[in-house]
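Architecture at a glance
Below, each chain spelled out in residue letters.
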Amino acid sequence: MTGKNKNKVLLILVAVLVMICAIYFIITKVTEAKETKKESEATAESEANRIWVTQIDEVTGISIHDGDTQLDFEKTDGTWYTTEDIDFPVDQDKMSALVSEYSDVESSRSLVNGDDLSAYGLDAPSLIISVTDGNGVVTQLLVGDKVGDEYYLKTADGDTIYTVADTVVSTVSGLTLYDYVKINQLPTVTADQIENITVDAGDKTYVMDAEDSVTSDSTSSGDEINASDTSSTAGTDETAESENTKSEKSNSEIWSSLTQALAGMSIDSCVDYNASEEALKTYGLKSPSKRIEYTYENDEGQNTVTLYIGEMTADGTGYYVLQSGSSAVNIILAQSIDGLLGCLQ
(Lines give C-alpha, C1' and ligand atoms only; values in the text may rest on other atoms or scores of the structure.)
Protein backbone atom coordinates (compact mmCIF):
# COMPACT_ATOMS: atom_id res chain seq x y z
CA MET A 1 0.00 0.00 0.00
CA THR A 2 1.38 3.32 -0.96
CA GLY A 3 1.85 6.17 1.52
CA LYS A 4 -1.01 8.07 -0.09
CA ASN A 5 -3.42 5.19 0.44
CA LYS A 6 -2.26 4.77 4.03
CA ASN A 7 -3.08 8.39 4.78
CA LYS A 8 -6.51 8.00 3.21
CA VAL A 9 -7.28 4.92 5.38
CA LEU A 10 -6.06 6.76 8.47
CA LEU A 11 -8.34 9.71 7.75
CA ILE A 12 -11.31 7.38 7.27
CA LEU A 13 -10.60 5.66 10.60
CA VAL A 14 -10.34 9.01 12.39
CA ALA A 15 -13.64 10.12 10.85
CA VAL A 16 -15.33 6.88 11.96
CA LEU A 17 -13.95 7.31 15.49
CA VAL A 18 -15.24 10.88 15.67
CA MET A 19 -18.63 9.74 14.44
CA ILE A 20 -18.77 6.95 17.06
CA CYS A 21 -17.86 9.44 19.81
CA ALA A 22 -20.54 11.84 18.62
CA ILE A 23 -23.17 9.09 18.54
CA TYR A 24 -22.13 7.98 22.05
CA PHE A 25 -22.36 11.55 23.32
CA ILE A 26 -25.81 12.02 21.81
CA ILE A 27 -27.09 8.70 23.22
CA THR A 28 -25.70 9.57 26.68
CA LYS A 29 -27.35 12.99 26.69
CA VAL A 30 -30.67 11.59 25.51
CA THR A 31 -30.54 8.89 28.20
CA GLU A 32 -29.70 11.46 30.88
CA ALA A 33 -32.56 13.67 29.72
CA LYS A 34 -34.99 10.74 29.91
CA GLU A 35 -33.78 9.81 33.41
CA THR A 36 -34.07 13.41 34.57
CA LYS A 37 -37.58 13.61 33.18
CA LYS A 38 -38.56 10.38 34.94
CA GLU A 39 -37.12 11.62 38.23
CA SER A 40 -38.92 14.96 37.85
CA GLU A 41 -42.19 13.20 37.07
CA ALA A 42 -41.73 10.85 40.03
CA THR A 43 -40.94 13.80 42.33
CA ALA A 44 -43.95 15.73 41.04
CA GLU A 45 -46.19 12.69 41.53
CA SER A 46 -44.82 12.13 45.02
CA GLU A 47 -45.32 15.81 45.88
CA ALA A 48 -48.85 15.72 44.49
CA ASN A 49 -49.65 12.72 46.70
CA ARG A 50 -48.45 14.38 49.90
CA ILE A 51 -51.19 15.38 52.32
CA TRP A 52 -50.74 18.73 54.02
CA VAL A 53 -52.78 19.82 57.03
CA THR A 54 -51.08 23.22 57.18
CA GLN A 55 -48.78 25.14 54.87
CA ILE A 56 -48.27 28.55 56.42
CA ASP A 57 -45.51 30.76 55.03
CA GLU A 58 -45.45 33.36 57.80
CA VAL A 59 -46.36 32.51 61.40
CA THR A 60 -46.98 35.45 63.73
CA GLY A 61 -48.67 33.69 66.63
CA ILE A 62 -48.84 30.30 68.33
CA SER A 63 -51.11 29.28 71.21
CA ILE A 64 -50.96 25.97 73.03
CA HIS A 65 -53.79 24.64 75.14
CA ASP A 66 -52.65 21.44 76.83
CA GLY A 67 -54.98 20.39 79.62
CA ASP A 68 -54.71 23.11 82.28
CA THR A 69 -51.78 24.81 80.55
CA GLN A 70 -52.36 27.77 78.24
CA LEU A 71 -49.38 29.34 76.48
CA ASP A 72 -49.70 32.25 74.05
CA PHE A 73 -46.85 33.60 71.93
CA GLU A 74 -46.83 36.51 69.50
CA LYS A 75 -44.18 37.71 67.08
CA THR A 76 -43.64 41.46 66.89
CA ASP A 77 -40.92 43.16 64.82
CA GLY A 78 -39.20 39.82 64.31
CA THR A 79 -39.11 38.88 68.00
CA TRP A 80 -41.26 36.38 69.88
CA TYR A 81 -42.94 37.37 73.14
CA THR A 82 -45.35 35.72 75.52
CA THR A 83 -48.59 37.64 75.96
CA GLU A 84 -48.59 36.64 79.64
CA ASP A 85 -45.46 38.69 80.38
CA ILE A 86 -43.94 40.97 77.75
CA ASP A 87 -40.62 41.04 79.67
CA PHE A 88 -40.30 37.26 79.83
CA PRO A 89 -37.07 36.26 78.00
CA VAL A 90 -38.41 33.92 75.32
CA ASP A 91 -35.84 31.63 73.69
CA GLN A 92 -36.06 32.61 70.02
CA ASP A 93 -34.42 29.39 68.83
CA LYS A 94 -37.02 27.28 70.62
CA MET A 95 -39.77 29.34 69.02
CA SER A 96 -38.22 28.78 65.58
CA ALA A 97 -38.39 25.03 66.22
CA LEU A 98 -42.02 25.42 67.30
CA VAL A 99 -42.90 27.33 64.14
CA SER A 100 -41.14 24.72 62.01
CA GLU A 101 -43.23 21.96 63.58
CA TYR A 102 -46.65 23.58 63.05
CA SER A 103 -46.29 25.76 59.96
CA ASP A 104 -46.10 22.70 57.70
CA VAL A 105 -47.94 19.76 59.23
CA GLU A 106 -48.00 16.72 56.97
CA SER A 107 -50.39 13.79 57.28
CA SER A 108 -49.73 10.16 56.39
CA ARG A 109 -53.41 9.60 55.51
CA SER A 110 -56.75 11.35 55.63
CA LEU A 111 -60.23 10.10 56.45
CA VAL A 112 -63.26 11.66 54.79
CA ASN A 113 -66.76 10.94 56.10
CA GLY A 114 -65.37 8.87 58.95
CA ASP A 115 -67.01 7.84 62.21
CA ASP A 116 -68.26 10.15 64.93
CA LEU A 117 -65.55 12.44 66.36
CA SER A 118 -65.67 10.56 69.67
CA ALA A 119 -64.25 7.50 67.88
CA TYR A 120 -61.03 9.44 67.35
CA GLY A 121 -60.93 11.35 70.64
CA LEU A 122 -61.72 14.56 68.79
CA ASP A 123 -65.01 15.38 70.45
CA ALA A 124 -63.11 16.82 73.41
CA PRO A 125 -59.47 17.20 72.31
CA SER A 126 -56.94 17.45 75.13
CA LEU A 127 -54.45 19.38 73.00
CA ILE A 128 -55.28 22.39 70.81
CA ILE A 129 -52.63 24.30 68.88
CA SER A 130 -53.61 27.58 67.26
CA VAL A 131 -51.36 29.00 64.54
CA THR A 132 -51.80 32.58 63.30
CA ASP A 133 -50.48 33.65 59.90
CA GLY A 134 -49.31 37.05 58.69
CA ASN A 135 -52.84 38.05 57.72
CA GLY A 136 -54.24 37.27 61.15
CA VAL A 137 -55.93 34.06 60.01
CA VAL A 138 -55.98 31.45 62.78
CA THR A 139 -55.74 27.72 62.08
CA GLN A 140 -56.72 25.54 65.03
CA LEU A 141 -55.30 22.04 65.21
CA LEU A 142 -57.31 19.65 67.39
CA VAL A 143 -55.42 16.55 68.54
CA GLY A 144 -57.25 13.37 69.45
CA ASP A 145 -56.33 9.80 70.37
CA LYS A 146 -53.08 8.04 69.59
CA VAL A 147 -53.15 5.39 66.87
CA GLY A 148 -49.94 3.38 66.61
CA ASP A 149 -47.11 5.90 66.47
CA GLU A 150 -49.39 8.67 65.24
CA TYR A 151 -52.29 10.81 66.42
CA TYR A 152 -55.66 11.69 64.98
CA LEU A 153 -55.96 15.37 64.14
CA LYS A 154 -58.41 17.73 62.48
CA THR A 155 -58.68 21.45 61.98
CA ALA A 156 -61.41 23.26 63.88
CA ASP A 157 -63.16 24.42 60.68
CA GLY A 158 -62.64 21.22 58.66
CA ASP A 159 -64.31 17.83 58.48
CA THR A 160 -61.34 15.77 57.32
CA ILE A 161 -59.60 13.66 59.96
CA TYR A 162 -55.86 13.14 59.57
CA THR A 163 -53.20 10.95 61.13
CA VAL A 164 -50.01 12.84 61.92
CA ALA A 165 -46.59 12.11 63.41
CA ASP A 166 -46.36 11.98 67.20
CA THR A 167 -43.99 14.99 67.17
CA VAL A 168 -47.10 17.15 66.80
CA VAL A 169 -47.84 16.18 70.40
CA SER A 170 -44.40 15.49 71.89
CA THR A 171 -43.09 18.92 70.83
CA VAL A 172 -45.36 20.69 73.33
CA SER A 173 -46.94 18.08 75.59
CA GLY A 174 -46.40 18.66 79.30
CA LEU A 175 -44.31 21.81 78.80
CA THR A 176 -44.67 25.02 80.78
CA LEU A 177 -43.72 28.60 80.02
CA TYR A 178 -40.27 28.09 81.57
CA ASP A 179 -39.48 25.42 78.99
CA TYR A 180 -39.32 28.34 76.53
CA VAL A 181 -37.18 30.65 78.66
CA LYS A 182 -33.88 31.97 77.38
CA ILE A 183 -31.28 30.82 79.91
CA ASN A 184 -28.43 33.18 80.73
CA GLN A 185 -25.86 30.41 80.50
CA LEU A 186 -22.48 30.46 82.25
CA PRO A 187 -19.61 31.60 80.04
CA THR A 188 -17.78 28.92 78.12
CA VAL A 189 -14.30 28.55 79.59
CA THR A 190 -11.50 26.03 79.53
CA ALA A 191 -9.65 24.88 82.62
CA ASP A 192 -6.45 26.67 81.60
CA GLN A 193 -8.28 30.02 81.25
CA ILE A 194 -9.20 30.10 84.95
CA GLU A 195 -6.82 32.26 87.00
CA ASN A 196 -8.18 32.13 90.54
CA ILE A 197 -10.98 30.51 92.49
CA THR A 198 -12.72 31.33 95.76
CA VAL A 199 -15.10 28.83 97.31
CA ASP A 200 -17.11 29.78 100.37
CA ALA A 201 -18.39 26.42 101.58
CA GLY A 202 -20.29 27.86 104.52
CA ASP A 203 -17.97 26.92 107.35
CA LYS A 204 -14.73 27.53 105.45
CA THR A 205 -13.51 29.73 102.64
CA TYR A 206 -10.91 28.44 100.20
CA VAL A 207 -8.81 30.70 97.97
CA MET A 208 -6.79 29.28 95.09
CA ASP A 209 -4.54 30.85 92.49
CA ALA A 210 -3.26 29.51 89.18
CA GLU A 211 0.22 30.89 89.79
CA ASP A 212 1.13 28.35 92.43
CA SER A 213 -2.07 26.34 92.90
CA VAL A 214 -1.92 27.09 96.62
CA THR A 215 -5.11 26.46 98.55
CA SER A 216 -5.72 28.43 101.72
CA ASP A 217 -8.43 28.11 104.33
CA SER A 218 -9.23 31.55 105.67
CA THR A 219 -10.82 30.15 108.81
CA SER A 220 -8.02 27.71 109.61
CA SER A 221 -5.00 30.02 109.76
CA GLY A 222 -4.08 29.35 106.16
CA ASP A 223 -3.71 25.57 106.51
CA GLU A 224 -3.36 23.94 103.14
CA ILE A 225 -6.07 21.54 102.05
CA ASN A 226 -5.05 17.87 101.87
CA ALA A 227 -1.53 18.87 102.84
CA SER A 228 0.45 16.86 105.34
CA ASP A 229 0.88 18.45 108.74
CA THR A 230 4.40 19.91 108.77
CA SER A 231 4.08 21.64 112.17
CA SER A 232 5.18 18.59 114.17
CA THR A 233 8.03 19.28 116.63
CA ALA A 234 9.83 16.13 115.48
CA GLY A 235 11.35 15.66 112.03
CA THR A 236 14.39 16.56 109.96
CA ASP A 237 14.87 19.05 107.14
CA GLU A 238 14.66 16.12 104.73
CA THR A 239 11.29 15.08 106.17
CA ALA A 240 9.99 18.65 105.96
CA GLU A 241 11.09 18.93 102.32
CA SER A 242 9.37 15.64 101.52
CA GLU A 243 6.16 16.77 103.20
CA ASN A 244 6.25 20.11 101.35
CA THR A 245 6.62 18.32 98.02
CA LYS A 246 3.66 16.11 98.87
CA SER A 247 1.65 19.22 99.82
CA GLU A 248 2.45 20.96 96.53
CA LYS A 249 1.38 17.93 94.53
CA SER A 250 -1.83 17.74 96.52
CA ASN A 251 -2.57 21.40 95.84
CA SER A 252 -1.86 20.94 92.16
CA GLU A 253 -4.30 18.03 92.00
CA ILE A 254 -6.95 20.08 93.80
CA TRP A 255 -6.50 22.98 91.39
CA SER A 256 -6.76 20.68 88.38
CA SER A 257 -9.94 19.07 89.73
CA LEU A 258 -11.56 22.41 90.53
CA THR A 259 -10.79 24.04 87.17
CA GLN A 260 -12.05 20.98 85.32
CA ALA A 261 -15.24 21.02 87.39
CA LEU A 262 -15.83 24.72 86.69
CA ALA A 263 -15.11 24.33 82.98
CA GLY A 264 -17.76 21.61 82.78
CA MET A 265 -20.36 23.39 84.89
CA SER A 266 -23.52 24.72 83.23
CA ILE A 267 -27.01 25.90 84.12
CA ASP A 268 -29.60 23.18 83.73
CA SER A 269 -32.78 25.27 83.87
CA CYS A 270 -34.36 28.52 84.99
CA VAL A 271 -37.19 28.65 87.53
CA ASP A 272 -37.67 32.40 88.00
CA TYR A 273 -36.27 34.97 85.57
CA ASN A 274 -36.93 37.90 87.91
CA ALA A 275 -37.09 36.64 91.48
CA SER A 276 -38.59 38.86 94.16
CA GLU A 277 -37.10 39.26 97.63
CA GLU A 278 -39.68 36.84 99.00
CA ALA A 279 -38.90 34.32 96.28
CA LEU A 280 -35.18 34.53 97.03
CA LYS A 281 -35.93 33.49 100.61
CA THR A 282 -37.84 30.48 99.32
CA TYR A 283 -34.87 29.40 97.22
CA GLY A 284 -32.40 29.97 100.07
CA LEU A 285 -30.77 32.81 98.14
CA LYS A 286 -31.66 35.82 100.29
CA SER A 287 -28.62 35.20 102.52
CA PRO A 288 -26.81 32.28 100.88
CA SER A 289 -24.10 30.54 102.90
CA LYS A 290 -22.24 29.12 99.91
CA ARG A 291 -20.50 30.99 97.11
CA ILE A 292 -18.33 30.05 94.15
CA GLU A 293 -16.31 32.76 92.46
CA TYR A 294 -13.74 32.43 89.72
CA THR A 295 -11.82 34.74 87.41
CA TYR A 296 -10.91 33.72 83.89
CA GLU A 297 -9.28 35.37 80.91
CA ASN A 298 -10.05 34.73 77.25
CA ASP A 299 -9.88 36.67 73.98
CA GLU A 300 -12.51 39.10 75.28
CA GLY A 301 -10.47 39.97 78.38
CA GLN A 302 -10.63 39.17 82.08
CA ASN A 303 -13.98 38.43 83.72
CA THR A 304 -15.24 37.23 87.08
CA VAL A 305 -18.21 34.94 87.71
CA THR A 306 -19.85 34.80 91.12
CA LEU A 307 -22.44 32.13 91.90
CA TYR A 308 -24.45 32.05 95.10
CA ILE A 309 -25.69 28.58 96.07
CA GLY A 310 -29.08 28.22 97.72
CA GLU A 311 -31.29 25.32 98.78
CA MET A 312 -31.39 21.95 97.09
CA THR A 313 -34.41 21.32 94.87
CA ALA A 314 -37.27 19.24 96.26
CA ASP A 315 -36.28 16.21 94.18
CA GLY A 316 -32.66 16.48 95.26
CA THR A 317 -31.27 16.68 91.74
CA GLY A 318 -30.01 20.25 91.79
CA TYR A 319 -29.31 23.47 93.67
CA TYR A 320 -30.92 26.87 93.21
CA VAL A 321 -28.26 29.37 92.18
CA LEU A 322 -28.09 33.12 91.65
CA GLN A 323 -25.44 34.78 89.52
CA SER A 324 -24.08 38.12 90.68
CA GLY A 325 -25.71 40.97 88.76
CA SER A 326 -28.72 38.88 87.76
CA SER A 327 -32.19 38.46 89.24
CA ALA A 328 -32.74 35.05 87.59
CA VAL A 329 -32.86 31.97 89.80
CA ASN A 330 -31.47 28.97 87.95
CA ILE A 331 -30.73 25.34 88.75
CA ILE A 332 -27.34 23.67 88.50
CA LEU A 333 -27.29 19.90 88.83
CA ALA A 334 -26.34 18.64 92.28
CA GLN A 335 -23.66 16.39 90.87
CA SER A 336 -21.84 19.47 89.52
CA ILE A 337 -22.00 21.45 92.77
CA ASP A 338 -21.30 18.48 95.05
CA GLY A 339 -18.52 17.33 92.74
CA LEU A 340 -16.81 20.72 92.95
CA LEU A 341 -17.14 20.97 96.72
CA GLY A 342 -15.93 17.39 96.99
CA CYS A 343 -12.63 18.44 95.44
CA LEU A 344 -11.92 20.33 98.65
CA GLN A 345 -12.59 17.42 100.99
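All values reported here derive from a predicted model rather than from experimental measurement.

With that out of the way, let us pick up the overall build of the protein. Each helix and strand counted, the protein has 6 helices and 17 strands in total. When burial is assessed residue by residue, the protein has 33% of its 345 residues classed as buried. Taking the intrachain contacts of the protein between residues at least 6 apart in sequence as the baseline, contacts between residues at least 24 apart amount to 56%. As displayed, the protein has an accessible area near 20,300 Å², and 47% of this comes from carbon and sulfur atoms.

Attention now goes to helix α2 (residues 92-103). With 12 residues, α2 extends 16 Å between its outermost C-alpha atoms, agreeing within 8% with the 16 Å of an ideal straight helix rising 1.5 Å per residue. The set of residues buried in α2 consists of Met-95, Leu-98, Val-99, Tyr-102 and Ser-103. For α2, the buried positions fall inside an angular range of 115° around the axis, keeping them on one side. In α2, the exposed positions that point more than 90 degrees away from the buried face belong to Asp-93 and Ser-100.

This part covers unusual backbone geometry. With phi around 50°, Asp-77 is a residue other than glycine that occupies positive phi space. Among the structural elements, Asp-77 can be located in the loop between β3 (69-76) and β4 (79-82). Asp-77 sits in the exposed class, given a relative accessible area of 79%.

To continue, consider the sheet that holds β4. Strand order in the open sheet formed by 9 strands is β1-β5-β9-β8-β7-β6-β2-β3-β4, with antiparallel pairing between adjacent strands. In this open sheet, the two edge strands, each paired with only one partner strand, are β1 (51-52) and β4. Of the pairings in the sheet, the one linking strand β7 (residues 138-147) to strand β8 (residues 150-155) comprises 5 bridges and is antiparallel in character. Directly across from Lys-146, in β8, lies its bridge partner Tyr-151. On the sheet, α2 packs against β2 (59-66), β3, β4, β6 (127-133) and β7 and is oriented at approximately 85° with respect to β2.

Rules and cut-offs
- Residues numbered from 1 in each chain as written.
- Predicted model: local features only at pLDDT ≥ 70, side-chain atom pairs only at ≥ 80, totals over all residues.
- Heavy atoms only, no water.
- Helix = DSSP H or I, 4+ residues; strand = E, 2+ residues; numbered from the N terminus.
- Buried < 20%, exposed > 50% of the residue type's maximum accessible area, 1.4 Å probe, protein only.
- Contact = heavy atoms within 4.5 Å.
- Areas by Shrake-Rupley, 256 points an atom, 1.4 Å probe, with all protein chains shown as cover.
- Expected span 1.5 Å × (residues − 1).
- Arc of directions from axis to C-beta.
- Pairing = 2+ DSSP bridges.
- Axes fitted to C-alpha atoms, helices over the stretch in contact; angles between N-to-C directions.

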